[in-house]
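# Structural overview
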Amino acid sequence: MTSTSVRRNKATGLVVLIAGLVMTGVGYAAVTSTAEASVAMSSQTQIDQGKQLFQQGCATCHGLAAQGSSEGPSLIGVGAAAVNFQVATGRMPMAQPANQAPRKAPVYTDDQIAALAAYVASLGPGPAVPSDEDLNTSDANLAEGGVLFRTNCAQCHNFAGRGGALSNGKYAPSLMNATPRQMYEAMLTGPQNMPIFNDKTLPPAEKRAILKYINELQTAPSPGGLALGSLGPVTEGIFIWTVGLGALLAVAVWIGAKVR
Amino acid sequence: MSTVVEGVGKAIGRADDRAPISSLLKDNLRKVFPDHWSFMLGEIALYSFIILLLTGVYLTIWYQPSMQEVIYHGSYQPLVGIPMSEAYSSTLHISFDVRGGLLIRQIHHWAALFFMAAMVVHMFRIFFTGAFRKPREFNWVIGGSMILIGLLEGFAGYSLPDDLLSGVGVRIVAGIIESIPVVGTYLLFFIFGGEYPGHDFIPRLYTFHVLLVPAILLASVGLHLVLIFYHKHTQYPGPGRTNDNVVGFPLFPVYTAKAGGFFFIVFGVTVLMAALVTINPIWAYGPYVPDQVTAGSQPDWYIGFVDGALRAFPNWESEDFLGHTWSWNILIPCVLMPGILVTLLLAYPFLEAWITGDTREHHLLDRPRNAATRTALGATAITFYGILVINGANDIVAQAFNLSLNQLTWFTRIGVFVIPPLVFIATRRFCLGLQRRDRDLLMHGRESGQILRLPHGEFIEIHTPISDDEKAVILAKRDIPPIEAPPATDENGVATPGLRAKKWRAKLSQAYFGENVKRPTLAEIEAAEHHHHDEVAHEIDVLHDAGAPVPSELTD
Amino acid sequence: MSNDHKTDVATTGIVEGEIVEFPLPPHHHRLTDTDPRAARRAERQVSTMFVLSGVCIIAFVAAYVAIPETSYINLGPVGTLQTSNLVLGLTFGLGTLLIGIAAIHWAKKLMSDEEIVDYRHPVGSPQEDRDAAKAAFDAGVAESGFVERKMVRRTLLGALALFPLPLIVMLKDMGPLPGDSLRHTIWRKGSRIVIDVTGQPLRPEDMQVGSLVSASPEDLNEIQEAAGDQNARAKASIILVRMKPSDIVSEQGDGWSWNGILAFSKICTHVGCPIALYQQRTHHLLCPCHQSTFDLADSGKVVFGPAARAMPQLPITVDSEGYLVAQSDFQQPVGPSFWERA
């Protein structure tokens, strides 16, 4: 048969189609099976690694099976998000017992944090670390984020996200250096005394709106000049009594001074 | 002769045909005012007031005093599309869509803070130098009233934009009004035109802020200045200065230039602050919604002491006493405490006059050290006030210094009663110590720090006499003898009327002046000088006898 | 150092309390008084400042025209500023400041600084004036017959006392009487609870232990639109929290919570600030205004701060569709205390 007659044969199309399907299928299987296998294998390795890290650095307060103790709450069901938040911001492990864990330089590397998160996530279902998709604020409404922020967040973190005092030495920290992922996780998991704003009562779209607004707070211009810490009338009052009156009193002294 | 000067002369001439301008000008143009920086504090307040009037007029051109809800469509992106009152929206408009609008808003608010701070500092100067004494008691009352009215005016001013921060402040004031016995709820409904927040409050506040109060303040300031002019300014004691003269420079041209220049400087500094430092960023607070609030909610500084008192006060309430609710936790810190403070403040000149029995005119100022009890009372009042102001910012203090909010509150609850009396005692002791030092300076001269060892081993310190200027200042001190209580009955056995009050007066008088260090009489000073002279002569003799050189400091 | 053996001090025979007079200190000439070059330099300095001030003011006008309100300028640690505010302020501020500095420099350096003495007179009126005024006043009183004609006087005072009455009475329509409006909110039996801002209704399973939700009744926006104010929200705002049922020590009423979910007023009982600082581990609710603290696990009672009364709890339950609803209005007035509350 000539090439043309092969091409014109009715079965040719069907053969090409089946060949194509088989090739795609086998090819895909070849590629993904190893990937899945490798994902599955790294998860287990991760979990094991996480368990080891946990027992070295966390079990003293949180219990060998993360069931909690008098020193620290149970971590069963808190999810990878909580672990990522606490450990990536350096709050955990706590350097010393206190009313509240302050933010500090993280002790663990990113891989170690992922391992710890995987381990804790394996103990019980809980919120996962938010993906980049979760944090994509391009469609979020800035103004709506502002309203949500002022309704749910400003009472603790202050209108400009500079933080505020809570009872007995606790505090709501400043948001100026928090990353979107960390803030999302904080809303989701309610670290320490922060309440929980889960995805049912504060859906992801609204969380993104809030993140967009907080980003605005972090990067916003200060139209009127020096912001004096964005803490309201207190710093303005301090400024007037020190710099303001100080300058005018200095001028008054100059006016009344004898000339040589 | 410049054309300007000629022109002014001609204008005055024409005016003179119609009103006695020259008669007014002849004495007042060259009126003498004394020169001291502490006399310019009231001026800061006056110039700030003028700045407030000017910038205030500009703001009224664009501000809308209405609580009508609108949807924002201006240029400030983070608020576009959300509902807010017209008042807030117009303030955003001024800040972002009117050229120079933000500048004028910030000048206005900074000037308001200056106004209040300057009045307070000026009041301190008047108080500590005794300038409120006769004939200036009424001016003190006017001044104190202006501080009060200024406080209300400032509150009204920063509440007009209807932003979240000031709106919460209005809510607090509504809550305070509500708690007043008998008439509270009626007052609340009348002021707000119904339930809180209603839609009448901002327009009513606006009338209060731009019409009523500026008129009252203008009249008060006018009267205050007229009295200063007529009474002539007080002056500090010094050489050539007596209670019957004023030493200084003429109003025209020196004070026209200095005071006029100071106006431009105060204005310029305020404008520069408005250019470089944000104040009241209402766009960041957001519009007022009755269920939103920010951490770190404070009023402007001059109301801080009431806020601090509210925070510190224990939660006393009689829920059902005589069938009604008595909110002691609000009435005492917000009504009683400020009421007592203000009454004592305004009445002080009359109280002190009653205690001292001093009915003379005083135009020579007191050095604070010479009025030890008055100075100590002032320091005590400032301490009491200051502790409350700091407590008004206790959450910011806790946040900034990593302290416990609850512990700070307890510190204030106890400290506000413990610390002021300690300050009183310390200040009084300090003043009396300074009085003793003045007496020593007068009698023995100043320690020069040079020690001379005489040949027989005695160490003496050379004292240098003080200058005439210093002597003039120290010798200006007038000792006021404490009033004595009259006898219970006179020689005929008739009981003295009002004996109790008179006895109290004597006691207070004794407490005020009893410990004052008496100024040495001139006879005593002379005696001390002769004694000093004799001692120095003796030391010189000793040195001569020993053949030692006589240092020049001894013979000077 | 001057001689302190002046005899004139001793010869006045002073008695305690008497005044000692010292002469005015001698006048010191300034450099600008003695050196004409220094004076001309001072003149130049003053004039330069006036000129610079003018330059600044012209720069202000130029900046006003040239700089749009939307322009921002980054000044590093100072922040990113609105350019027109910065430039208009700097030019106007400097321009004004320079006038002041120039005027004062002029006064200090160039105007005469010889101290002048003026004399005071007693500030009150002299006795003859007081007597004359009294005589005039007495004559007037006598001529008016004010004292003798008792009926005229008394009725005059009565009429004048009544005169201001309309001014006071007309204020009555400033507002309605309170009635019992302070005792009620818009919550009713069956009012559905919706989350603030989104208006989404709430199911119990949406909340987990530690959750905090700001909420209001479903018909709030509608009611507020009709009324044209925010009065409903000022009383009806609530928060819902969820805790482990075993953590609940007490409640304000039986069956007022739902499986660990409690609803409380969001208006502080002290002076009315919105209160939503919920510290989930301690179950304490903190008010940012004056730090009143309420224990939501124990009937919302006050554990610190100036508030006197517990946070009012809203009785809630679940409706037939599984959404959280109110069982009734609050059983006590919300917000600050008032005289008639008891």
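The rules behind the values
Residues numbered from 1 in each chain as written. Chains lettered and ligands numbered in written order. Predicted model: local features only at pLDDT ≥ 70, side-chain atom pairs only at ≥ 80, totals over all residues. Heavy atoms only, no water. Pairing = 2+ DSSP bridges. Helix = DSSP H or I, 4+ residues; strand = E, 2+ residues; numbered from the N terminus. Axes fitted to C-alpha atoms, helices over the stretch in contact; angles between N-to-C directions. Core = buried A, V, L, I, M, F, W, Y, C linked by side-chain atoms within 4.5 Å. Buried < 20%, exposed > 50% of the residue type's maximum accessible area, 1.4 Å probe, protein only. Contact = heavy atoms within 4.5 Å. Disulfide = S-S within 2.5 Å. Buried area = accessible area lost by both parts, 1.4 Å probe. Salt bridge = Lys/Arg side-chain N within 4 Å of Asp/Glu carboxyl O. Polar contact = N/O pair within 3.5 Å; in protein donor to acceptor, adjacent residues only side chain to side chain. Expected span 1.5 Å × (residues − 1). Phe/Tyr/Trp six-rings, centres within 6.5 Å; stacked < 30°, edge-to-face > 60°. Lys NZ or Arg CZ within 6 Å of the ring centre and 35° of its normal.

## Brief notes about the sheet that holds strand β11 (residues 301–304) of chain C
Residue and element names in this part refer to chain C. Strand order in the open sheet formed by four strands is β8-β9-β10-β11, and the pairing between neighbours is antiparallel. Strands at the two margins of the open sheet, each flanked by one partner only, are β8 (277–279) and β11. Sheet twist, expressed as the mean angle between neighbouring strand axes with direction ignored, is 35°. Two elements, strand β10 (residues 293–295) and β11, share three bridges in a ladder whose sense is antiparallel.

## A short note on the nonpolar core
One finds A:F149, B:L92, B:W110 and B:F262 to be the most contacted residues of the largest nonpolar core, which totals 175 residues. Of the residues forming this core, the biggest block, 20 residues, is contributed by helix α5 (residues 101–128) of chain B. Filtering out sequence-adjacent residues up to four positions away, B:W110 remains in contact with A:L228, A:E236, A:F239, A:I240, B:T270, B:M273, B:A274, B:V277, B:T278 and B:I279. Counting 21 residues, the second-largest nonpolar core is a separate cluster that includes C:W187, C:V213, C:A215 and C:I316.

## Description of the side chain of B:S89
All names here are of chain B. Examined against the element boundaries, S89 turns out to sit in helix α4 (residues 86–97). S89 gets classed as buried once you look at its relative accessible area, which sits at 17%. In contact with S89, other than residues within four places in its own chain, are V70, Y72 and M84.

## Let's talk about the state of the cysteines
What is meant by a disulfide is a covalent connection between two cysteines, made through their sulfur atoms. Residue and element names in this part refer to chain C. According to the stated counting rule, one finds one disulfide over all chains in the structure shown. Disulfide pairing is shown between C273 and C289; the S-S distance is 2.1 Å. Here C273 and C289 share a disulfide; its torsion about the S-S bond, -95°, makes the bridge left-handed. Separated by 16 residues along the polypeptide, C273 in the loop between β7 (261–265) and β8 and C289 in the loop between β9 (284–286) and β10 bring together distant segments of the chain.

## Regarding the interface of chain C and chain A
Interface extent is often summarised as the accessible area lost during association of the parts. Taken residue by residue, the interface counts 41 residues in chain C and 33 residues in chain A. Taken together, both faces of the contact between chain C and chain A bury some 3,100 Å²; the carbon and sulfur share is 57%. Among the residues of chain C in contact with chain A, C:K108, C:V197 and C:Q279 are the three that bury the most area, contributing 19% of the side total. Taken together, the connections running from chain C to chain A amount to zero salt bridges. Summed over the shared surface of chain C and chain A, the number is 18 residue pairs in polar contact (both at pLDDT 80 or more). Among the elements of the structure, β2 (80–82), α4 (83–109), β5 (212–217) and β8 of chain C are those that each provide at least two residues to the side of chain C that touches chain A. When residues in the side of chain C that touches chain A are grouped by element, the largest group, six residues, is from α4(C).

## Focus on helix α19 (residues 522–546) of chain B
Count 3.6 residues to each turn of an α-helix, and residues three or four apart come out pointing the same way. Over its 25 residues, α19(B) runs 36 Å from end to end, which matches the ideal 36 Å to within 8%, given 1.5 Å per residue. Taken residue by residue, α19(B) has B:L522, B:I525, B:A528, B:E529, B:V536, B:E539, B:I540, B:V542 and B:L543 as its buried positions.

## Notes on the packing of aromatic side chains
Both the distance between ring centres and the angle between the ring planes are used here to describe each pair of aromatic rings. By the definition in use, this model includes 34 aromatic pairs over all chains. With a centroid separation of 5.4 Å and 50° between ring planes, the pair formed by A:F239 and B:W110 is classed as tilted. Here A:F239, found in helix α10 (residues 233–256), pairs with B:W110, found in helix α5, and the two come from separate chains. Since its relative accessible area comes to 12%, A:F239 is described here as buried. You can call B:W110 buried: its relative accessible area is 0%. Ring geometry for B:F263 versus B:F267: centroids 5.8 Å apart, planes at 55°, classification tilted. With B:F263 and B:F267 both in helix α10 (residues 251–276), this residue pair falls four residues apart, about one helical turn. Note on accessibility: B:F263 and B:F267 belong to one class, buried. Taken together through their ring pairs, the aromatic side chains of B:Y47, B:F262, B:F263, B:F264, B:F267, C:F60 and C:F92 make up a single cluster. Cation over ring: B:K31 sits above B:F229, and NZ or CZ is 5.3 Å from the ring centre.

Treat this as a map of the structure, not an account of what it does.
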